[in-house]
Amino acid sequence: MRGFLYDKDMTEWELPLLYDWEVCHGTGETCDYFECSFPYEKGMLPGLAEAVYFKGVNNGDTVFYGITDEYTLLCDGDGSRVTLRGRSMAGILMDNEAEAAGYGSLSLDTVLKRHVMPYFYGPVERRSMPVLHRFDVSSGESEWSVLSHFCRYSCGVQPRFSKDGVLLLNDKPGTVRSFDESCPVFSVRRRDCRYGLISSVLVKNRFTGASYTVHNEKFEKRGGCSRRVLNVPRSTRADAMRYTGEYQIRESERGRSIIELGLCTQFAGFPGDVAELSFPQLGIEGSFRVVKSHCWADDDGAGTCLTLEV
């Protein structure tokens, strides 16, 4: 991978050959990040101090685009080197606090206009999302939190940034990638966690007396029993009560059942891709969605670890 830095005027500076690097992309709340090290040369400090954006390029393709957070210059018996760290463009929205507000109704256009576009000027890929009624922005909440809550409450989509810095507000599948026992795989790990899964949610409106139970039938068929009771405001409609319960169940399932695939190749996949696995000796076959990609190169080797959602 080659690295490039940009200042606020988008003046480009190509970094020297990297000693080592690490790139992580995901679909969760934790921000994507990069870290790289390279030899220090006289006169670099002014450019490092003015650096705003970082771009990683591998075989001509952009594999990371984000903001620079810090650099460290180390001079010792082994020479001089710089370590550079940063996050995806989501870091800009995470660093800016939203103004507390209450919306009678809130659309995606309004969210983008008030909570995204003042800080992020890049491209956006979006899908249609229902308007939300009675949406509150809490004091101290970040702009990224506002965007994330709206998208997840509205249609169950987790916003994320692509490897080349595009804000993705859709659930469109990415590239289909096939992996089997002939691939350079050095590890396969399967984890299935029952703890934290919700089997049912009893949604109650204490003022009107209305109630509704939403079931996680798949987990209940496995013998799961973990109920939650959720009290909602007086004005919550019946359909909103049902959706609230479904949302709680869906959130409890995130990250509970995964497959981790370790590969010797670099950038073997990215979040949103579809991984088709065929490992019959392990009993692992089927199509799974990539939710995290961790790629690295250092003195000990290089590779990619893909996390797949079952």
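A brief structural summary. (Residues numbered from 1 in each chain as written. Predicted model: local features only at pLDDT ≥ 70, side-chain atom pairs only at ≥ 80, totals over all residues. Heavy atoms only, no water.)

**Side note on the side chain of Ser-142**
Right, so step 1: Mapped onto the elements, Ser-142 comes out in the loop between β10 (132–137) and α4 (143–155).
Right, so step 2: Residues within four places of Ser-142 in sequence aside, it is in contact with Leu-93, Met-94, Asn-96, Glu-97 and Ala-98. (Helix = DSSP H or I, 4+ residues; strand = E, 2+ residues; numbered from the N terminus. Contact = heavy atoms within 4.5 Å.)

**A short note on unusual backbone geometry**
Right, so step 1: In this structure, Arg-134 takes a positive phi of about 55° despite not being glycine.
Right, so step 2: In this structure, Arg-134 sits in strand β10.
Right, so step 3: Owing to a relative accessible area of 46%, Arg-134 belongs among the partly exposed residues under this scheme.
Right, so step 4: At Phe-267, a residue that is not glycine, the phi angle is positive and equals roughly 50°.
Right, so step 5: With respect to the secondary-structure elements, Phe-267 resides in the loop between β18 (257–263) and β19 (274–279).
Right, so step 6: The buried category is assigned to Phe-267, whose relative accessible area is 9%. (Buried < 20%, exposed > 50% of the residue type's maximum accessible area, 1.4 Å probe, protein only.)

**Comments concerning the environment of Val-124**
Right, so step 1: Relative to the helices and strands, Val-124 is located in strand β9 (residues 124–126).
Right, so step 2: For Val-124 and Leu-169, which are 45 residues apart along the polypeptide, the C-alpha to C-alpha distance reads 7.3 Å.
Right, so step 3: Sequence-distant contacts of Val-124, that is, excluding residues within four places in its chain, are made with Met-117, Val-166, Leu-167 and Leu-169.

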